[in-house]
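Reading the structure
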Amino acid sequence: MRPDQIQPELYEQQLEEKHAELTRLMADLPLPDLEVFPSDPTHYRMRAEFRIWHEGDDLYYAMFDSAEPRTPIRTDQFLAASTLINELMPALLDAVRDIPVLRHKLFQVDFLTTTTGEALISLLYHKPIDDEWNKAARLMSEAFPACHFIGRSRKKKQILTRDFVMETLTVHGQKFHYQQVENSFTQPNAGISEKMLEWALDVTEGLSGDLLEMYCGNGNFSIPLARRFDRVVATEISKVSVNSAQLNIAINGMSNVQVVKMASEDVSAALNGESELPKTLLQAGVDALSPSVVLVDPPRAGLDEATVELVRKVDRILYISCNPETLKANLEALASTHKVVRYAMFDQFPYTHHVETGVFLERLETTE
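As annotated in an unreviewed UniProt entry, the protein carries the name tRNA/tmRNA (uracil-C(5))-methyltransferase and is attributed to Marinomonas arenicola.

1. Some words on the nonpolar core
Of all hydrophobic cores here, the largest spans 73 residues; its most connected members are L92, F111 and L123. A total of 7 residues in this core trace back to one element, the largest contributor, which is helix α2 (residues 83–97). Counting 36 residues, the second largest nonpolar core, distinct from the first, contains L225, A226, M254 and L295.

2. Topic: the sheet that holds strand β14 (residues 291–296)
Strand order in the open sheet made by the 8 strands is β1-β16-β17-β15-β14-β11-β12-β13, with mixed pairing throughout. Of all strands in the sheet, those with a lone pairing partner are β1 (35–37) and β13 (257–261), marking the two edges. The average undirected angle you get between the axes of adjacent strands in this sheet is 15°. The pairing of strand β15 (residues 316–321) with strand β17 (residues 356–363) spans 6 bridges and is antiparallel. Paired with L318 across the two strands is F360, which belongs to β17. Those strands touched by helix α1 (residues 11–25) are β1, β16 (338–346) and β17, and its axis lies near 160° from that of β16.

3. So, the sheet that holds strand β4 (residues 68–74)
Strand pairing in a sheet relies on backbone hydrogen bonds. The paired strands run either parallel or antiparallel. Reading across the sheet, the 7 strands line up as β4-β3-β2-β5-β6-β7-β8 and stay open at both edges, with mixed pairing between neighbours. On the outer flanks of this sheet lie β4 and β8 (156–159), each paired with one strand and no other. For this sheet, the mean angle separating the axes of adjacent strands, direction not counted, is 30°. Both strand β2 (residues 47–55) and strand β3 (residues 58–65) contribute to a ladder of 5 bridges, which runs antiparallel. Opposite I52, over in β3, you have Y61 as the bridge partner. Sheet contacts for α2: β2, β3, β5 (106–113), β6 (119–125) and β7 (147–153); angle to β3, the most-contacted strand, approximately 135°.

4. Some words on the UniProt feature "binding site: S-adenosyl-L-methionine" (unreviewed entry) in the protein
Mapped onto the present numbering, the UniProt feature "binding site: S-adenosyl-L-methionine" (unreviewed entry) falls at Q187, Y215, N220, E236 and D297. Relative to the helices and strands, Q187 is located in the loop between β10 (174–181) and α5 (190–203). Not counting the four nearest positions on each side in its chain, Q187 is found in contact with R47, S193, M196, N220, D297, Q348 and E356. Structurally, Y215 is set in the loop between β11 (210–214) and α6 (222–225). With a relative accessible area of 18%, Y215 lands in the buried category.

5. What to know about the packing of helix α10 (residues 305–312) against helix α11 (residues 324–334)
Taken N-terminus to C-terminus, the directions of α10 and α11 make an angle of 50°; their axes are 10 Å apart at the nearest point. Here α10 lies oblique to α11, going by the angle between them. Helix-helix and strand crossings are classified by hand; for α10 and α11 the assignment is right-handed. Where α10 approaches α11, its residues V308, V311 and R312 are matched on the opposing element by N330, A333 and L334. Broken down by class, the residue content of the contact of α10 with α11 amounts to 4 nonpolar, 1 polar and 1 charged.

6. Brief notes about the pairing of β15
Of all 6 residues that make up β15, 5 are buried, and the element is covered over most of its length. Two strands pair when backbone bridges link them, and β14 and β15 are joined in this way by 4 bridges, in the parallel orientation. Bridging from a neighbouring strand, V294 pairs with I317 of β15. Taken together, β14, α10 and β15 constitute a β-α-β crossover, and its handedness is right-handed.

7. A look at the pattern of salt bridges
What the rule picks out here adds up to 16 salt bridges. The closest approach of N and O atoms between R97 and D94, which form a salt bridge, is 3.5 Å. Of this pair, R97 and D94 both sit in helix α2, 3 residues apart, which is roughly one turn of that helix. Exposure remark for D94: the relative accessible area of 52% places this residue in the exposed category. Three or more residues are tied together by salt bridges with common partners; here these are D58, R74, D76, D94 and R97.

8. With respect to the side chain of D163
Summarising the element assignment, D163 is placed in the loop between β8 and β9 (164–171). By relative accessible area, D163 is classed as buried at 18%. Here K157 takes part through its side chain, which lies 3.0 Å from a polar atom of the side chain of D163. Each residue touching D163, except ones within four places of it in the same chain, is listed here: L120, I150, K157, Q180, V181 and E182.

What counts, and at which threshold
- Residues numbered from 1 in each chain as written.
- Predicted model: local features only at pLDDT ≥ 70, side-chain atom pairs only at ≥ 80, totals over all residues.
- Heavy atoms only, no water.
- Core = buried A, V, L, I, M, F, W, Y, C linked by side-chain atoms within 4.5 Å.
- Buried < 20%, exposed > 50% of the residue type's maximum accessible area, 1.4 Å probe, protein only.
- Helix = DSSP H or I, 4+ residues; strand = E, 2+ residues; numbered from the N terminus.
- Pairing = 2+ DSSP bridges.
- Axes fitted to C-alpha atoms, helices over the stretch in contact; angles between N-to-C directions.
- Contact = heavy atoms within 4.5 Å.
- UniProt positions renumbered as here; feature names shortened; annotations may be inferred.
- Parallel < 35°, antiparallel > 145°, perpendicular 65-115°, else oblique.
- Left-handed = near helix turned anticlockwise from the far one by under 90°.
- Nonpolar A, V, L, I, M, F, W, Y, C, P; charged D, E, K, R; others polar.
- Right-handed = clockwise from strand over helix to strand, strands pointing away.
- Salt bridge = Lys/Arg side-chain N within 4 Å of Asp/Glu carboxyl O.
- Polar contact = N/O pair within 3.5 Å; in protein donor to acceptor, adjacent residues only side chain to side chain.

If you want it as structure tokens, here you go:
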């Protein structure tokens with residue numbers, strides 16, 4: 001996204017265009033009225049990445065247009081990024097500008113911030129970072145007391161304090177705390193993340209029993225939804241995300257959530273009876289699990305055939321999608337057994353074509 005594409009005065013128009021495009025795409029599916037959740041028009045991204053461009057004695061943040069990938073667009077401020085990122089951008093450049101070991105071969109800066117004022121700043125280099133860099137970076141970091149710094153070069157990662165921040169999201173008035181680790185997946189738009197969690201709680205209101213969750217990440221959905229269910233078994237393939245999820249479960253005091261490190265394809269194969277239940281699933285008590293709801297939040301490729309067959313066996317499906325096209329294909333595959341009873345669009349990425357969608361499905365026999 002180019003900085004000049006962020007035009008708050010046109011936000012409502014672009015939201016309407018997304019609504020219309022999604023409606024066109026899904027026109028041949030039987031869907032309820034679309035619930036639309038708008039984003040803040042500015043300062044909605046809690047993380048951002050910028051290239052660093054060197055021109056003589058000057059250096060500045062740069063972004064690039066895919067149509068002209070070799071032409072840097074100077075980006076002194078970025079309206080999409082959080083207020084804290086915009087405050088840190090000039091201060092960081094001023095801090096490294098006159099320190100050769102910090103400035104030389106610096107080619108990228110990544111910011112990860114929270115709604116509570118924490119920041120993690122990663123400095124990426126086209127040179128090995130060493131003890132001299134470490135000493136200079138620690139001295140420089142004293143001017144940024146609320147920030148954590150990481151240095152990265154080829155095959156090396158130097159953590160000055162820690163490589164994560166702690167985010168707090170407020171969902172229906174209750175606060176939930178999440179560890180967010182550098183370079184691991186987290187929802188970039190905190191405001192929309194809160195709306196998605198509230199919607200998930202709303203559509204599952206009055207339900208109980210067990211919840212099976214796939215693609216759980218750091219427990220973003222698992223933890224608030226644990227209030228709705230007797231047991232939650234969540235699966236995730238990323239080791240970093242699993243570790244964060246387990247920490248987040250503990251710090252939020254949830255005793256009824258278990259996370260299993262396993263790929264969705266393997267989980268589906270085991271639960272579909274195509275393979276024996278592995279020890280990790282047995283230890284989580286999946287053999288005794290009787291899910292009343294299955295929650296899936298897959299990557300852009302959507303659900304594979306085995307996972308579609310698995311979720312088809314459950315009475316209710318909560319599906320969070322980052323790709324409407326694969327969502328449509330999955331809904332067509334589920335149309336013989338399930339009906340969509342709630343349908344929402346979350347504007348996670350304003351001023352882009354990307355759309356985040358949520359659907360809640362119930363077995364046809366229970367809706368007729």
